[in-house]
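This is what each chain is made of:
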Amino acid sequence: MTARDLRHLQSMLAQLIAGQQPRGEPTREGELERLVKPSARGMDPQARLAVYREQFWTRHLENLRDDFPTLIWAMGGSAPFRAFATEYLIARPPRGWDLQRLGDRLPEHLAATPRWNSDRLAKDAARLDWAFMEAFDCADAAPVDPTVLASIPEDVWPSATVTLHPSLRLLEMDHPVHLARSELSEGRTPERPPMLRTFVAVWRDRSCTRHACPLEPAAFAILAGLNAGLGLGVACESAMRRTSRESVETSVGAWFQDWSARGWISAVTPPSHDD
Amino acid sequence: MDYRARLRIPDLGVGVGFRGPHASTILRARPAMGWFEIISENFFAEGGIQPAHLESLRSTYGVVPHGVSLSIGGADPLDEGYLARLRTLVRRLDAPWFSDHLCWTGFGGVDLHDLLPMPYNRETLDHVVERVKRAQGTVGAPLALENASSYMEFRQSSLPEHSFLAEVAERADCGILLDVNNVFVSAYNHGFDARTYVDGIPPDRVVQIHLAGHEDKGPYLLDTHSDHVREEVWELYRRALRRCGAVSTLIEWDTNIPTWETLEAEAALARSVRQEVLGGDMGSRGAV
């Protein structure tokens, strides 16, 4: 058996188990029977392979089901979700060892699927669920020390760079699906909500509990700017263009305190003298 | 000098798999347990609850990482990124060994997240030996290669699995994680004698033994880790202990996870079997 034979065998079995498209090595009729022995207890090669195939589909569909509870609700239940998840796994089979990342391309796949690409509620739900998945195990960062914040001179703030906690995810959505996810987690069945432009932050707190909370549009715009690497002053200017100067100027101090208390602020870096 | 003595592989006594539903009980009450095994991949993350749990766990117990994604029998190249994460984890735990399975887990970059069997012959043996050497070299610790349970056999096999595993261990100079439940399951599925398998494993290479429950599906047994250890498997464990001596033993229970008390009782049963076979202090290690 050459290395090429081993590749061929594993390629064929992977295709048959995961239902992938052949990768330039079409499975020949009867090849499984040529390679795999029947069992002493009467299982033919197809039945033996089916043990692995069943495990593959059970494992991955259960993982996706656990990872996307809001999407299941938005789609109207387990049956349409299962059909969609099956299509997803065939189109985008698992890559890499990390089962936590199994759904990383699911929101994108949903948006490209004719059956669902005009369903804004489903698309919002998928993005929210994935934000929760990402917040679960991404890197940690200690919250900024309040004494450090207090020591920064007022005139330095506009040019300071603010680093947000790595778990913080900012979502602009057409529905308040974070409320639905919360109800689902309490065992209730939410009503389908009306469309409502919604800004949400998802994050993991210091006790590793994940949360979602709504944001005012200007607060969202500032955080999005900070996340993109803008200085605080530039991020606020950007938010002012989106809402009003007055609402930003009157609220930004309180927002910043709130974000800091939630652990969203990991560092505030004054400009260096070279800047 | 035999393998375990040469590499100073310790006997950790009897332990159990560290699983989510028991985490708060274990970390709060610090129950008497010889050691814990973790699923390596679950602790590769940079942040979140798992690294926090691990720091707390290792402050009290010995912890050994057990992987499911090394794909030592795979035709794809070994994943260097995966090995780097494994090295970091092993160093962080100061683990005396790390373990994974004699299997392949994916092809062409697609990961099936399963432990698939390979043909056992001279060519695949050379392939696995080279990869074990590379994995051990990169990770910097001894690998204990586990016999996986399987549901398929290949016509290209020319060696029995136990001979294949024994020769890989000798040529690559690695350890063996002997899963006696997997031996029982595969023996049923493929029609070989489980006792011959256990007797064919070089005893000094065995650094760990796994025990678990399985499910009877009629024409085959499925390795589900979902129940108590069956009496026939306890009997194989006795046989393995008589051959291997005092070897770290671990109870795996991953589905239908029972109460902590039930799992503790299963570990106590393993300790009593060790005591019965080995006698004296050798048998009771891991009781406190």
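Analysis parameters
- Residues numbered from 1 in each chain as written.
- Chains lettered and ligands numbered in written order.
- Predicted model: local features only at pLDDT ≥ 70, side-chain atom pairs only at ≥ 80, totals over all residues.
- Pairing = 2+ DSSP bridges.
- Helix = DSSP H or I, 4+ residues; strand = E, 2+ residues; numbered from the N terminus.
- Axes fitted to C-alpha atoms, helices over the stretch in contact; angles between N-to-C directions.
- Contact = placed C-beta atoms within 7 Å.
- Domains from an automatic or database assignment.
- Nonpolar A, V, L, I, M, F, W, Y, C, P; charged D, E, K, R; others polar.
- Parallel < 35°, antiparallel > 145°, perpendicular 65-115°, else oblique.
- Left-handed = near helix turned anticlockwise from the far one by under 90°.
- pLDDT = per-residue confidence, 0-100.

> Tell me about the sheet that holds strand β4 (residues 210-214) of chain A, residues and numbers included.
The pairing of strands in a sheet comes from backbone hydrogen bonds and takes either a parallel or an antiparallel form. Residue and element names in this part refer to chain A. Here we have 3 strands laid out as an open sheet, ordered β2-β3-β4, and antiparallel in their pairing. Every interior strand has two partners, whereas the edge strands, β2 (169-173) and β4, have only one. Recorded for the sheet is a direction-independent mean angle of 20 degrees between the axes of neighbouring strands. Both strand β3 (residues 198-204) and β4 contribute to a ladder of 5 bridges, which runs antiparallel. Its bridge partner lying in β4, Arg204 is registered against Arg210. Here helix α7 (residues 120-137) sits on the sheet in contact with β2, β3 and β4, set at roughly 175 degrees to β2. The sheet contacts of helix α10 (residues 217-227) involve β2 and β3, and relative to β2 the element is tilted by about 135 degrees.

> An account of the domain arrangement of chain A is needed here, citing residue identities and associated values.
Residues and elements named next belong to chain A. Taken domain by domain, chain A holds domain 1 (3-136) and domain 2 (139-269). Just the C-alpha atoms count here: the centres of domain 1 and domain 2 sit 35 Å apart. Each partner contributes residues to the interface: domain 1 has 14 residues there, and domain 2 has 17 residues. Considering each element in turn, the side of domain 1 that touches domain 2 owes the most residues, 11 residues, to α7. Tallied by class, the residues present in the side of domain 1 that touches domain 2 amount to 9 nonpolar, 1 polar and 4 charged.

> Which residues make up the packing of helix α3 (residues 45-67) of chain A against helix α5 (residues 78-91) of chain A, and what values do they have?
All names here are of chain A. Where α3 meets α5, the closest approach of the two axes is 10 Å, and the angle between their N-to-C directions is 120 degrees. As far as their axial angle goes, α5 and α3 are oblique. Relative to α5, α3 is oriented so that their crossing is right-handed. Contact residues: α3 offers His60, Leu61, Leu64 and Arg65, while α5 offers Phe81, Arg82, Ala85, Thr86 and Leu89. Each residue belonging to the contact of α3 with α5 can be placed in one class, and the counts come to 5 nonpolar, 2 polar and 2 charged.

> Go over the confidence of the model for chain B with me, naming the residues and quoting the values.
When pLDDT is averaged along chain B, the result is 96, and 97% of the positions lie at 70 or above. In the predicted assembly, ipTM is 0.95 and pTM is 0.93.

> Give me the lowdown on the environment of Ala144 of chain B, citing residues and values where you can.
Residues and elements named next belong to chain B. Here Ala144 lies in strand β7 (residues 143-146). Counting along the chain gives 79 residues from Ala144 to Pro65, while the straight-line C-alpha distance between them is 10 Å. For Ala144, the contacting residues outside a window of four places in its chain are Trp97, Ser99, Gly175, Ile176, Leu177, Val207 and Gln208.

> Give me the lowdown on the interface of chain A and chain B, citing residues and values where you can.
A common way to report how large an interface is uses the accessible area buried once the components associate. Taken together, the contacts link 43 residues of chain A with 39 residues of chain B. Of all the elements in the fold, those that place two or more residues in the side of chain A that touches chain B are α1 (3-18), α3 and α7 of chain A. Counting residues per element, the side of chain A that touches chain B draws most heavily on α1 of chain A, which supplies 9 residues. The residue makeup of the side of chain A that touches chain B, split by class, is 24 nonpolar, 8 polar and 11 charged.

> How would you summarise the packing of helix α4 (residues 80-93) of chain B against helix α5 (residues 122-139) of chain B if you had to cite specific residues and measurements?
For any two helices packed against each other, one specifies the crossing angle of their axes together with the interaxial distance. All names here are of chain B. Between α4 and α5, whose axes approach to 8 Å, the crossing angle comes to 50 degrees. Comparing their axes, α5 and α4 come out oblique. Of the two elements, α4 crosses α5, and the hand of that crossing is right-handed. Judged by residue contacts, Leu83, Leu86, Arg87 and Val90 of α4 engage Ala135, Thr138 and Val139 from α5.

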